[in-house]
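# Working through the structure, step by step
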Amino acid sequence: MGTLLTSDALEWIGRQIEVNGDEITESMVQQYVYASEDDHPAYVSDTSAEAVGTSRVVPPMLYQAATRPYVPLNKYSSDGIVIENRPVIGTGQSVGGTLAVEWVRPLKIGDRLSGLKTLVSMEEKAGSRRTFVVVTWETNYTDQKGEVVIRESYEQICF
Amino acid sequence: MKATSRFASDYSIQSEVPAEYQPGAPLDVLERSVNRVQSTLYSAAIRFAHQVHFDDELCKAQGWNGVILPGFLLGNWCLEAVTRTLGPRSVVRSVSFRLTSVAYPDTLHRISGEVVKVEDEGEWTVVTCTVTVKDLSDNVVTKATVAAAVPNTA
């Protein structure tokens, strides 16, 4: 066991968090398109998608909002992370590591995603600036029909 | 400082995978610089409240210059570089990206890459690309692998 991986931290391995996302709306899509400036015709409107001969889809990375339901303020840590989504390691802070996402099908307006996030591993590493722990979460998100639409592996770098 | 956004290509130009998109073919270069307003709006759009995107003092305590850009936005740039190159009928299939350094608002970033694999799936051609995001000092801030599909029918 390393200096950061305490027994309390290691107890998080295997922890599962149920995610019940909000329905993806036109408003969410417009907010994302404007903020990202990614005006792919398939994302912008039914009309722009049709004009280039394709189907309207949701910007792929919008799944982040669709799988991040709002929670009460007392569920957030002081640095803005939902407490149950991060083990307490070291200073309690983190940054994002590798994110791997596979979209089984493009998301559509009206989709509602749910999933079970599982903390599958923790690995302590020595970096050039500090020691940190790579925390890996894996999630399969299903749509309103129960069909898997996204497979995700996400690393948190905790230090 | 005014945010700049210069599209290297227009989505309306291409409607199918050009024959030259074979392994080694370069992606159209995308340049992006966002200000703190846009960074804030992006964080809101993905419902992400991490204070490293809002709190200068917290970031300086980490040894950074100030607030940093959301990693998901940098990942999105990698998707966008691929779909802008492949055209308006392209559909993202997968991404794997890693932040190798922090990226700051009001800094020009250049997103570039190349095709590494082209696969025919019958109705679709799947193009896999490696993509990097670099700042003006040529520091690599993000590395990604992106797969996107383009329909084979006109």
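Residues numbered from 1 in each chain as written. Chains lettered and ligands numbered in written order. Predicted model: local features only at pLDDT ≥ 70, side-chain atom pairs only at ≥ 80, totals over all residues.

A few words now on the overall build of chain B. Assigned secondary structure in chain B consists of three helices and six strands. Seen in sequence order, chain B has helices and strands lined up from the N terminus as β-β-α-α-α-β-β-β-β. Buried positions account for 44% of the 154 residues belonging to chain B. Taking as baseline every contact in chain B between residues at least 6 positions apart, the subset at least 24 positions apart corresponds to 72%. (Helix = DSSP H or I, 4+ residues; strand = E, 2+ residues; numbered from the N terminus. Buried ≥ 20, exposed ≤ 12 C-beta atoms within 10 Å, placed from the backbone. Contact = placed C-beta atoms within 7 Å.)

Assigned secondary structure in chain A consists of five helices and five strands. Sequence-ordered secondary structure for chain A, helices as α and strands as β, is α-β-α-α-α-α-β-β-β-β. Seen through its C-alpha atoms, chain A measures out along the principal axes to roughly 60 × 35 × 30 Å. Taken over 159 residues, chain A has a buried fraction of 31%.

Take helix 3 (residues 71–86) of chain B next. Residue and element names in this part refer to chain B. The end-to-end C-alpha distance of helix 3 is 23 Å, a good match for the 22 Å that 16 residues give at a rise of 1.5 Å each. Most of helix 3 sits inside the fold, with 16 of its 16 residues counted as buried. Immediately beyond the C-terminal end of helix 3, within one or two residues, lies G87, with a positive phi of roughly 105 degrees. (Expected span 1.5 Å × (residues − 1).)

The pLDDT averaged across chain A works out to 95; a share of 99% of its residues lies at or above 70. For chain A, the element scoring lowest by mean pLDDT is helix 1 (residues 7–10) of chain A, at 92; helix 2 (residues 26–36) of chain A scores highest, at 98. (pLDDT = per-residue confidence, 0-100.)

Here we take up the interface of chain B and chain A. Counting from both sides, the interface comprises 34 residues of chain B and, opposite them, 33 residues of chain A. Elements supplying a minimum of two residues to the side of chain B that touches chain A: helix 1 (36–45), helix 3 and strand 3 (91–99) of chain B. Of the residues contributing to the side of chain B that touches chain A, the split by class is 17 nonpolar, 12 polar and five charged. Where strand 2 (residues 94–103) of chain A lies against strand 3 of chain B, four bridges are found, and the strand directions are antiparallel. Counterpart to A100(A) in the pairing with strand 3 of chain B is S96(B). (Nonpolar A, V, L, I, M, F, W, Y, C, P; charged D, E, K, R; others polar. Pairing = 2+ DSSP bridges.)

A word on the nonpolar core. Ranked by internal contacts, the top residues of the largest apolar core, which has 62 residues, are L62(A), C78(B), V82(B), V131(B), V146(B) and A148(B). A per-element tally of this core places helix 3 of chain B first, with nine residues. Residues in contact with A148(B), not counting those within four places in the same chain, are V82(B), T83(B), L86(B), S90(B), V91(B), V92(B), R93(B) and V127(B). (Core = buried A, V, L, I, M, F, W, Y, C linked by C-beta atoms within 7 Å.)

Within helix 2 of chain A, burial applies to M28(A), V29(A), Y32(A), A35(A) and S36(A). In a view along the axis of helix 2 of chain A, the buried residues occupy a sector of 140 degrees, so they form one face of it. As for helix 2 of chain A, its buried residues are in contact with helix 3 (41–44) and helix 5 (63–66) of chain A together with helix 1 and helix 3 of chain B. Positive phi appears at E37(A), one or two residues downstream of helix 2 of chain A, with a value of about 65 degrees. (Arc of directions from axis to C-beta.)

Residue and element names in this part refer to chain B. Mapped onto the elements of the fold, P23 is located in the loop between strand 1 (4–6) and strand 2 (30–33). The class for P23 is exposed, based on 12 C-beta atoms found within 10 Å. Look past the residues within four positions of P23 in its chain and what remains in contact with it is V115, V116, K117 and V118.

On to the packing of helix 2 of chain A against helix 1 of chain B, then. At their nearest, the axes of helix 2 of chain A and helix 1 of chain B sit 9 Å apart, and the two run at 150 degrees to each other. What the angle tells us is that helix 2 of chain A and helix 1 of chain B run roughly antiparallel. Like other packed secondary-structure pairs, helix 2 of chain A and helix 1 of chain B cross with a definite hand, here left-handed. Across the interface between the two elements, Q31(A), Y32(A), A35(A) and S36(A) of helix 2 of chain A pack against Q38(B), L41(B), Y42(B) and A45(B) of helix 1 of chain B. Its residues assigned to classes, the contact of helix 2 of chain A with helix 1 of chain B shows five nonpolar, three polar and no charged. (Axes fitted to C-alpha atoms, helices over the stretch in contact; angles between N-to-C directions. Parallel < 35°, antiparallel > 145°, perpendicular 65-115°, else oblique. Left-handed = near helix turned anticlockwise from the far one by under 90°.)

The side chains of a regular strand alternate, first on one face of the sheet and then on the other. Residues and elements named next belong to chain A. The pairing of strand 1 (residues 16–20) with strand 3 (residues 114–126) spans five bridges and is classified as antiparallel. Considered in strand 3, the bridge of E18 is made with L116. Where strand 3 hands over to strand 4 (residues 131–142), the hairpin turn is made up of four residues, counted between the paired strands.

The subject of this paragraph is the environment of R112(A). All names here are of chain A. One can find R112 in the loop between strand 2 and strand 3. Of the residues examined, R112 has 14 C-beta atoms within 10 Å and is grouped as partly exposed. Separated by 31 residues in the primary sequence, R112 and D143 have C-alpha atoms spaced 5.6 Å apart. With near-sequence residues (within four places) excluded, R112 lies in contact with G21, E23 and Q144.

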